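Okay, here's what each chain looks like letter by letter:
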Amino acid sequence: MKLSDYDIQFVKGVGEKKARLFNKLGVYSLENLLHYYPRKYLDQSKTVSVKNAPVDEMVSIRATMITPVKESRIRKGLTLYKCNFSDGETVIHVTIFNNEYAARALRTFDEYILYGKVERRFTDAVMSSPQIESVNTGLGIHPIYPATQSLNSKAIAKAVRNAFDKIGVVEDTLDDEIRKKYGLCTLDFALKEIHFPSCTENIEVARKRLVFEELLTLQLGLLLLKGKRNVRNNHIAKKDFSEEFYSLLSFEPTAAQKRCVGDCVSDIMSESNMNRLIQGDVGSGKTAVAGAVMYTMIRNGFQTAMMAPTEILAVQHYESFKRLFEGTDIRLALLTGSTKASEKRAIKCDLIDGNIDLIIGTHALIQNDVEFKNLGLVCTDEQHRFGVEQRANLAMKGDNPHLLVMSATPIPRTLGLIIYGELDISILDELPPNRQEIRTDYVDSSYHERIYKFIKKALDNGRQAYIVCPLVEDGESDLLSAEEYANSLSQGVFANYSLGLLHGRMKSKLKDEVMQKFSDGEIQILVSTTVIEVGVDVPNATVMLIENADRFGLSQLHQLRGRVGRGSEKSFCILVSDNQGEQTKERLGIMKSTSNGFKIAEYDLKTRGPGDFFGKRQHGLPNLKIADMVEDIQTLNTCRVCAEELLKADSRLDSHPVLCDKINEMFKRTDY
C-alpha cells in the first residue's frame, strides 16, 4: 500500500477522533504525516551546570530531584508546587505553577532534564516553571510542530514515531545516481533526521535532501504540464503584420513592447503552439502587445478571442479595440452576460460562419453553445483571475489555438518560473514615456482632516477619488469596515458629494453597476475593498486613500495604486497607518520611494513570501512544505536543470514510478 493511501486514523495511538484533529492540520495519510515537518527544535542535547548557565537564556540542566514536592495553595485558582534539585554542585529551587499532573509525576532521587531560565543566587539557584523531562527521554533534540490547542506537539511527535515503527524503511524517490551527483542522503535518513535529529548537523543534511526533492517534484510537474501543452501548431502565421498594427497606434510602442510582440510572433510562426505569459507592470502596455498579436493572427486568416475577468473590463477592451480598428475591415463583437438574447444568437451564428474576427467577452465565451469556425488565438487578461479549467475551456473551442495570457502583477522572474512554469514568459519592464508618476505619501491617521480637504479640492476641480479599506463588515476587528466607513463619510465630511461602495461580497451585476457609475462620473468617491485592484480604467480618478495600509502586501498596494495616474493629470496615493513598527515603516517607505513594481515584488517576496502576489491559493501553486522561495533559489535552479535532464532521458518518467507518485500527490492539491 502507498503511504498516501494509508489513512492517518490507523496509525497507532491516533484513532478516529484524533484523526479529525490531524485532518484540520491537512494531515490525512501517512504520507502527509511524514511530511508534516517541525517548525523548530528544542535542543536539549547539550546540558550546562548552573554556574555556567548564561543569564536570561533558555538552557538545559541535568539534575537529580533531592526533596519531595510540597503543595502550596496561594489563592483560588493558583497552586504552587515546590521541590529542590541538584546538579551535583548547586541546589536548584524549582516552582511549578498550577500543574498537579506534572508535579505528581516527579520522583525523588530520579534524574531529570530541566529546561528554562536559571536565576543564580549566592549558593543556590531558582527556576520557575521549567520544562521537566526524564533524563531517558529529555536528552536530545526535540521537534516542535505547528500544533493546535487540541493537538499538541508531543502528540504529533508520538504519532510520527509510531508511523516510522509501522513502515520501517521509507522507499526512496531518487535513484543512487541522482543522490550521488547532487550529494543527497537517502529519503529514509532525511525523514527520520528531520523529525528526530541525532545532531544539529543532520538537520541541515536532511533539509537539503527534502528541499531538493520538493523543488525537483515541482519542476518536473510543471515541465510535464508544459510538455502536454506543447503541441503541434495547427495555426501557423505565414506573415508578421505587427508593423502594420503599429501604424494604427497614436503613439510609438516602447522597445519592451516590440520585444514582447516579437516573442509572440516568433511563437505563432513556429512549429509548436504558443503558450506565453506577457507580464508587465501597471500601465506598461500589455493590451497593445496583445492587440499586435491578435492583429497578426487575424491578417493571417484566423479568428481570435479575448476573455476579461469582469464585464466592465471586457467592455473597456471592446471599446478600445473598436476605436483602434476603425477604418479597417476587422469585424469585432462583444459577448457578456448582459448581452441581449437576440444579439447573443446573432453573435454565435456569426462566429460559426467566420463573420467575426475578434470576439471580446467574459465567462460567457466559454458557454457550451459558443463555437468558432477557425479559432487561432485565445488571449486572457489578468491571468490569475481565471482558474486553469476556465482558460482550458476557452482554448478547447478551437483546434489547439495559441494561448496568450497577461498579468499586471509584477513577479520576480525566479518565482515566475515556478508559478507559470508551464508558460514561456515575456516581461514588459519599461513604461511608456507619457505615463504619469504617482506621488505616494505615508502618514498616520492624525492627517485625516488634511487628507479629506485635499480630496475635496480634487473633487471640486472635477476629479474623482478612491478610498480603500481592508475589511468588509463591521465587527471583524477594531478597524472600520468599508460599509461603516462609507456610511460615516457620506453622512459626515463628504455629505455634499456622491459616494459609492464596492466590495467582494456584492453580486457581480451590482459591482458592475457601481463601477460603471464611477467610470461615467456619476460617483465622485468610490469606497472599496481590494476588488478594484484590477478594474476599469478611470483616467479622471486622481487620488487614492488607502486606510490601514500596513494590512496589505506591498504588491497588492502597488496594484491598487495603479488605479490612479491613468490620465494626464497629476495623481496621488496616500497610505495611512498608525502602526509604528520598524518593519511597517520600512515596508511603506518602499512604496513611497519607488514605483517599480518588480523592485516592490522582490522586497515583498523576501519579507512576506509568495502568497502576497495573489492571495494564498489563487495562482494554483502547490503548497511547499519545506522549501523556501528566497533561501533555496539556488537549489531551485539546480532542480530545474535536473528535471530537464531526467525528462530528456525518460520523457514519461517510466523508470521513476515513485517520483511520479510524488508529482501526482503534489499537483492534485492545486487547480492544475
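Here, the structure is the one placed above.
Residues numbered from 1 in each chain as written. Predicted model: local features only at pLDDT ≥ 70, side-chain atom pairs only at ≥ 80, totals over all residues. Heavy atoms only, no water.

A word on the packing of aromatic side chains
Next up, step 1: Taken as a whole and assessed by the stated rule, the structure comprises 13 aromatic pairs.
Next up, step 2: With 6.0 Å between their ring centres and 85 degrees between their planes, Phe85 and Tyr112 make a pair best called edge-to-face. Of the two residues, Phe85 sits in strand S4 (residues 78–86) while Tyr112 sits in strand S6 (residues 111–116), which places them 27 residues apart along the sequence.
Next up, step 3: Given the relative accessible area of 0%, Phe85 is considered buried.
Next up, step 4: The class of Tyr112 is buried, set by a relative accessible area of 6%.
Next up, step 5: With 5.8 Å between their ring centres and 50 degrees between their planes, Phe245 and Tyr295 make a pair best called tilted. (Phe/Tyr/Trp six-rings, centres within 6.5 Å; stacked < 30°, edge-to-face > 60°. Helix = DSSP H or I, 4+ residues; strand = E, 2+ residues; numbered from the N terminus. Buried < 20%, exposed > 50% of the residue type's maximum accessible area, 1.4 Å probe, protein only.)

Some points on the sheet that holds strand S21 (residues 525–528)
Next up, step 1: Spatial ordering of the open sheet is given by S18-S23-S22-S19-S21-S20, a layout of 6 strands whose pairing is parallel. If you trace the sheet from one side to the other, it starts and ends with strand S18 (438–443) and strand S20 (499–502), each paired once. Across the sheet, the axes of successive neighbouring strands diverge by a mean angle of 15 degrees, strand direction being ignored.
Next up, step 2: Here 4 bridges tie strand S19 (residues 464–468) to S21, and the two strands are oriented parallel to one another. Its bridge partner being in S21, Ala465 is matched across the sheet by Ile525.
Next up, step 3: Relative to S18, helix H20 (residues 582–593) is tilted by about 160 degrees, and along the sheet it contacts S18 and strand S23 (571–576). (Pairing = 2+ DSSP bridges. Axes fitted to C-alpha atoms, helices over the stretch in contact; angles between N-to-C directions. Contact = heavy atoms within 4.5 Å.)

Details of the pattern of salt bridges
Next up, step 1: All told, the structure shown has 30 salt bridges when counted by the stated rule.
Next up, step 2: Among the ionic pairs, Asp56 bridges to Lys117, the shortest N-O distance being 3.4 Å. Note that Asp56 is positioned in the loop between strand S1 (40–44) and strand S2 (59–65) and Lys117 in the loop between S6 and strand S7 (119–120), a separation of 61 residues in sequence.
Next up, step 3: The class of Asp56 is exposed, set by a relative accessible area of 55%.
Next up, step 4: Residue class for Lys117 comes out partly exposed when judged on its relative accessible area of 42%.
Next up, step 5: Glu213 is the partner of Arg209 in a salt bridge, and the nearest nitrogen-oxygen pair spans 2.5 Å. Taken as a pair, Arg209 and Glu213 lie in helix H8 (residues 200–229) at a separation of 4 residues, close to a single helical turn.
Next up, step 6: Under the relative-accessibility criterion, Glu213 is labelled buried at 3%.
Next up, step 7: Overlapping salt bridges, with partners in common, bring together Glu31, Asp172, Asp176, Arg179, Arg209, Glu213 and Lys662 in one network. (Salt bridge = Lys/Arg side-chain N within 4 Å of Asp/Glu carboxyl O.)

Looking at the packing of helix H19 (residues 554–561) against H20
Next up, step 1: Closest axis-to-axis distance for the H19/H20 pair is 11 Å, and the angle between their directions is 35 degrees. By crossing handedness, the relation of H19 to H20 is classed as right-handed. Packed against H19, whose contacting residues are Leu554, Leu557, His558 and Arg561, the element H20 presents Arg587, Leu588, Ile590 and Met591 at the interface. (Left-handed = near helix turned anticlockwise from the far one by under 90°.)

Concerning the side chain of Ser528
Next up, step 1: Looking at the element boundaries, Ser528 is found in strand S21.
Next up, step 2: Look at Ser528 and you get buried, because its relative accessible area is 0%.
Next up, step 3: Of note is the side chain of Ser528, whose polar atom sits 3.5 Å from the backbone oxygen of Leu502.
Next up, step 4: Apart from residues no more than four positions distant in its own chain, Ser528 is found in contact with Ile467, Val468, Cys469 and Leu502. (Polar contact = N/O pair within 3.5 Å; in protein donor to acceptor, adjacent residues only side chain to side chain.)

Concerning the sheet that holds strand S17 (residues 424–428)
For sheets, the rule is that strands pair by backbone hydrogen bonds, running either parallel or antiparallel.
Next up, step 1: Read from one edge of the open sheet, 7 strands run S13-S14-S12-S15-S16-S11-S17, paired in parallel fashion. In the strand order of this sheet, the two ends are held by strand S13 (332–335) and S17, each with one partner. Each strand axis lies, on average, 20 degrees off the axis of its neighbour in the sheet, ignoring direction.
Next up, step 2: Sheet topology places strand S11 (residues 275–280) next to S17; 5 bridges connect them, and they run parallel.

Details of the packing of helix H10 (residues 255–268) against helix H11 (residues 286–299)
Next up, step 1: Following both chains from N to C, one finds H10 and H11 inclined at 35 degrees, their axes separated by 9 Å at the closest point. As H10 packs across H11, the resulting crossing turns out to be right-handed. Residues Gln257, Cys260, Val261, Cys264, Val265 and Ile268 of H10 pack against Ala288, Val289, Ala292, Val293, Thr296 and Met297 of H11.
Next up, step 2: The class makeup of the residues in the contact of H10 with H11 is 10 nonpolar, 2 polar and no charged. (Nonpolar A, V, L, I, M, F, W, Y, C, P; charged D, E, K, R; others polar.)

A word on the environment of Gly280
Next up, step 1: Among the secondary structure elements, Gly280 is positioned in strand S11.
Next up, step 2: On the accessibility criterion, Gly280 (0% relative accessible area) is buried.

Here we look at helix H13 (residues 341–353)
Next up, step 1: Between the first and last C-alpha of H13 there are 19 Å, a value that for 13 residues agrees with the 18 Å anticipated at 1.5 Å per step.
Next up, step 2: All buried positions along H13 are accounted for by Lys344, Ile347, Lys348 and Leu351. Down the axis of H13, the smallest arc covering the buried residues is 100 degrees, so these residues share one side.
Next up, step 3: On its buried side, H13 packs onto strand S12 (303–307), S13 and strand S14 (358–361).
Next up, step 4: Downstream of H13 by one or two residues, Gly354 has phi in the positive range, about 80 degrees. (Expected span 1.5 Å × (residues − 1). Arc of directions from axis to C-beta.)

Comments concerning unusual backbone geometry
Next up, step 1: The phi torsion at Asp56 lies on the positive side, around 60 degrees, for a residue other than glycine.
Next up, step 2: Phi angles above zero are rare outside glycine, and Asn548 is one such case at about 50 degrees.
Next up, step 3: Turning to its location among the elements, Asn548 is positioned in the loop between strand S22 (541–546) and H19.

Let's talk about the side chain of Thr362
Next up, step 1: Inspection of the secondary structure puts Thr362 in the loop between S14 and strand S15 (375–380).
Next up, step 2: Not counting the four nearest positions on each side in its chain, Thr362 is found in contact with Met307, Ala308, Thr310, Glu311, Ala314, Leu335, Thr336 and Gly337.

Notes on the pairing of S20
Next up, step 1: Alternating residues of S20 divide into Gly500 and Leu502, all buried, and Leu499 and Leu501, none buried.
Next up, step 2: Taken together, the 4 bridges between S20 and S21 define a ladder with parallel strand orientation. Residue pairing for S21: Gly500 is matched across the bridge by Leu526.
Next up, step 3: For the crossover from S20 across helix H18 (residues 508–520) to S21, the handedness is right-handed. (Right-handed = clockwise from strand over helix to strand, strands pointing away.)

Here's the deal with the nonpolar core
Next up, step 1: Core analysis: the biggest nonpolar cluster contains 60 residues, and Phe22, Phe212, Leu216 and Leu220 have the highest contact counts within it.
Next up, step 2: Contact partners of Leu220, with chain neighbours within four places excluded, come to Ala643, Leu646, Leu647, Leu653, Leu659 and Ile663.
Next up, step 3: By size, the runner-up hydrophobic cluster in this structure holds 39 residues, among which are Tyr295, Phe321, Phe325 and Leu358. (Core = buried A, V, L, I, M, F, W, Y, C linked by side-chain atoms within 4.5 Å.)

Observations regarding the environment of Thr186
Next up, step 1: Tracing the backbone through its elements, the reader meets Thr186 in the loop between helix H6 (176–182) and helix H7 (187–195).
Next up, step 2: You can call Thr186 partly exposed: its relative accessible area is 32%.
Next up, step 3: A polar atom in the side chain of Thr186 sits 3.1 Å from the backbone nitrogen of Phe189.

Focus on the environment of Leu210
Next up, step 1: Here Leu210 lies in helix H8.
Next up, step 2: Since its relative accessible area comes to 3%, Leu210 is described here as buried.
Next up, step 3: The spatial distance from the C-alpha of Leu210 to the C-alpha of Ile626 is 7.2 Å, given a sequence separation of 416 residues.
Next up, step 4: Setting aside chain neighbours within four positions, we find Leu210 in contact with Tyr37, Leu187, Ala190, Leu191, Ile194 and Ile626.

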